[in-house]
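What follows is each chain in one-letter form.
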Amino acid sequence: TSVARKITNSLKESKEVDITIGRVGITYGGQVDQRDVLIRDHHEDTLIFSQKVTTSLSSFSSLINNNPTLGNTTARNLQFDLKIYEGEDRDNLSIFLNKLKSEKKKQSSSFLMAINDLEVIDGRFSYVNENAMNPEILVLNDLNLNAGDFLLENSDIQVEVRKLSGLEKRGLEINFLSTDFSYTSEAMTLEDLEIRTPESVLEAEIIFDTRNGFSDF
């Protein structure tokens, strides 16, 4: 649709990122309905994909002007593929986020996205490091997430993970996970982390160094 093209073209031109939206519509309840939302990484592989994203948006102009503030947002059938490619030392998410921060000279405003409440239904997350002996580090299927106070400012992410559940590919079942999560160019931090499985409960605070591609993961 013309609205979808206008939104994605604005981001492509101002931030030089590869984002496509198949269709944008308005529901009877007044929510924005986006279908086939695809974000590609610097190798033109999938970074994030969702078949359906519904959200409340204060105005289309805020999205086009690179500072969207969203209300309740739901992503269905979400696929998130975090990857470090062979011979590289940065993951594809950090490279993508750095593009949001690296603006063209003619632009002065930073990129800012805020989401009040975020829900992921039936998602999948994978973390692959092609430089590792066993590249497939983590795969979570049947991923469901309830989160709030999501803030993406240039290349930094903050979010309150209220509840996450999923099934790790090797058989580990996560019944409940909550944390105050942050991700920057220097560190990924999980404060007040609580993980519950059928056999155990873990409480911790964890910091990963992201400057060398999660070398201490």
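Shown above is the structure to which this text applies.
Here's what I pulled together on the structure shown here. All figures in this text were calculated on a predicted structure; none of them were measured in a lab.

We now examine the overall build of the chain. Of regular secondary structure, the chain possesses three helices and ten strands. Helices and strands appear in the chain in the N-to-C order α-β-β-β-α-β-α-β-β-β-β-β-β. Residues counted as buried form 43% of the 217 residues belonging to the chain. Here the analysis covers contacts within the chain between residues at least 6 apart in sequence; of these, 46% occur between residues at least 24 apart. Total accessible area on the chain is roughly 11,600 Å²; 48% of this is exposed by carbon and sulfur atoms.

As defined by bridge partners, strand 1 (residues 18-26) adjoins strand 2 (residues 32-40) across eight bridges and the pair is classed as antiparallel. Counterpart to Arg-23 in the pairing with strand 2 is Arg-35.

Turning our eyes to something else, we now look at the pattern of salt bridges. Applying the stated criterion to the full structure yields eight salt bridges. Between Lys-169 and Glu-136 there is a salt bridge, with the nearest N and O atoms lying 3.0 Å from each other. In this pair, Lys-169 sits in the loop between strand 7 (156-168) and strand 8 (173-183) while Glu-136 sits in strand 6 (residues 136-153), placing the two residues 33 residues apart along the sequence. What makes Glu-136 partly exposed here is its relative accessible area of 33%.

Further remarks concern the packing of aromatic side chains. Aromatic rings considered in pairs are described by the distance between their centres and by the relative angle of their planes. For the coordinates displayed, the defined rule picks out one aromatic pair. Considering the side-chain rings of Phe-80 and Phe-125, the 5.2 Å spacing of their centres and the 70° angle between planes classify their relative orientation as edge-to-face. Here the residue Phe-80 occupies a position in strand 4 (residues 69-84), and Phe-125 occupies one in strand 5 (residues 112-129), the gap between them amounting to 45 residues. A relative accessible area of 22% means that Phe-80 is categorised as partly exposed. Phe-125 gets classed as buried once you look at its relative accessible area, which sits at 17%. The aromatic ring of Phe-176 is capped on one face by Arg-196, whose charged end is 4.3 Å from the ring centroid.

What counts, and where the lines are drawn
- Residues numbered from 1 in each chain as written.
- Predicted model: local features only at pLDDT ≥ 70, side-chain atom pairs only at ≥ 80, totals over all residues.
- Heavy atoms only, no water.
- Helix = DSSP H or I, 4+ residues; strand = E, 2+ residues; numbered from the N terminus.
- Buried < 20%, exposed > 50% of the residue type's maximum accessible area, 1.4 Å probe, protein only.
- Contact = heavy atoms within 4.5 Å.
- Areas by Shrake-Rupley, 256 points an atom, 1.4 Å probe, with all protein chains shown as cover.
- Pairing = 2+ DSSP bridges.
- Salt bridge = Lys/Arg side-chain N within 4 Å of Asp/Glu carboxyl O.
- Phe/Tyr/Trp six-rings, centres within 6.5 Å; stacked < 30°, edge-to-face > 60°.
- Lys NZ or Arg CZ within 6 Å of the ring centre and 35° of its normal.

Coordinates in, geometry out; function isn't part of it.
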